[in-house]
Amino acid sequence: VRRPLIAGNWKMNMDHMQAIALVQKLAWTLDDAGHDYERVQVSVFPPFTDLRGVQTLVVGDKLSLDYGAQDLSEKDSGAYTGDISGAFLAKLGCTQVLIGHSERREIHGEGDETVNAKINAALRHELAPVLCVGEGLDVRQAGDHVTHTLAQVEAALQGLAAEQLSELVIAYEPVWAIGTGEVAGPEDAQEMARAIRAKLAELYGQELAEATRILYGGSVKSANVASILAGADVDGALVGGASLDAEEFAKIAQFE
Ligand code: 13P
């Protein structure tokens, strides 16, 4: 019932020329493989400066790829030097936006309140929030990973109603598995995805919980994606490093 989503977070990689080359190569590699986008959604999250180029390509060539930004401002416009409004992203054809990625939380000190405000901003502009949550190594070693991650989910969604969350995607990314080659085991990914779904059911009811896609992220590669996505509650992957290689990312999207 839930359409799997394979999402590529490029992070701060690829200038606008490289972005066009990567999207072209990704699109033709997926076409060659006969990729069925209706069955498995594929999204890319390039840097802001690439979005116009990606839009031109996607619209001009009628590509079935979705794209979004890696962050947005909690405000809509005004004196916020350096920030980017969700309104601008929507106008560029973005359909999704990453919110609360662990690198934003760590490097830019974004806390749960900011994450909550950014989800509200995304919803004002009809951008589907891809809410990123997950624990660091110390929390995992203390055995508090489920409590920690569910608290992040609850805080991020504070004050929101089920009707607003029909497009919500949640990405579970254990921080210790990001860019380290260390992958959470398929059982760990499934355990957390299931716990997040149960939390959604508790907060919003069964219907929203069943409809919400929950992704796993952290050192996902073509070699491990199938086992991770075998978990009944794992509905896709948020891919960092491996999304910068068109052939590898296409293989991940063709995980079955
Ligand atoms: P890697 O796939 O490079 O570990 O990155 C995961 C990630 O942070 C995606 O958002």
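Predicted model only: the values in this text are computed from it and were never measured. (Residues numbered from 1 in each chain as written. Predicted model: local features only at pLDDT ≥ 70, side-chain atom pairs only at ≥ 80, totals over all residues. Heavy atoms only, no water.)

**Things to note about the overall build of the protein**
- The secondary structure content of the protein amounts to 11 helices and eight strands.
- Computed over the C-alpha atoms, the radius of gyration of the protein is 17 Å, within 12% of the 18 Å expected from 2.2 N^0.38 for a compact globule of 256 residues.
- Counting every position in the protein, which comprises 256 residues, the buried fraction comes to 54%.
- Of the contacts made within the protein by residues no fewer than 6 positions apart, 75% connect residues no fewer than 24 positions apart.
- Total accessible area on the protein is roughly 11500 Å²; 51% of this is exposed by carbon and sulfur atoms.
- Positive and negative charge centroids in the protein, built from 20 and 38 side chains respectively, lie 3 Å apart. (Helix = DSSP H or I, 4+ residues; strand = E, 2+ residues; numbered from the N terminus. Rg over C-alpha atoms; globule rule 2.2 N^0.38 Å. Buried < 20%, exposed > 50% of the residue type's maximum accessible area, 1.4 Å probe, protein only. Contact = heavy atoms within 4.5 Å. Areas by Shrake-Rupley, 256 points an atom, 1.4 Å probe, with all protein chains shown as cover. Lys, Arg positive; Asp, Glu negative; His and termini not counted. Charge placed at Lys NZ, Arg CZ, Asp CG, Glu CD.)

**Some thoughts on the nonpolar core**
- One finds Ile6, Leu131, Leu157, Ile196 and Tyr216 to be the most contacted residues of the largest nonpolar core, which totals 68 residues.
- When residues of this core are assigned to their parent elements, the largest contribution, seven residues, is made by helix 8 (residues 186-204).
- Leaving out residues up to four positions away in the same chain, Ile196 has contacts with Val133, Thr149, Leu150, Val153, Ile170, Tyr172 and Ile214.
- Listed in part, the 10 residues of the second largest apolar core include Ala7, Phe45, Val169 and Ala171. (Core = buried A, V, L, I, M, F, W, Y, C linked by side-chain atoms within 4.5 Å.)

**Focus on the pairing of strand 7 (residues 213-217)**
- The element strand 7 is extensively covered by neighbouring structure, given that five of its five residues are classed as buried.
- Here strand 6 (residues 169-172) pairs with strand 7 via four bridges, running parallel. Paired with Ile170 across the strands is Ile214, a residue of strand 7.
- Alignment of strand 7 against strand 8 (residues 236-239), held across two bridges, turns out to be parallel. For Tyr216, the partnering residue across the bridge sits in strand 8 and is Ala237. (Pairing = 2+ DSSP bridges.)

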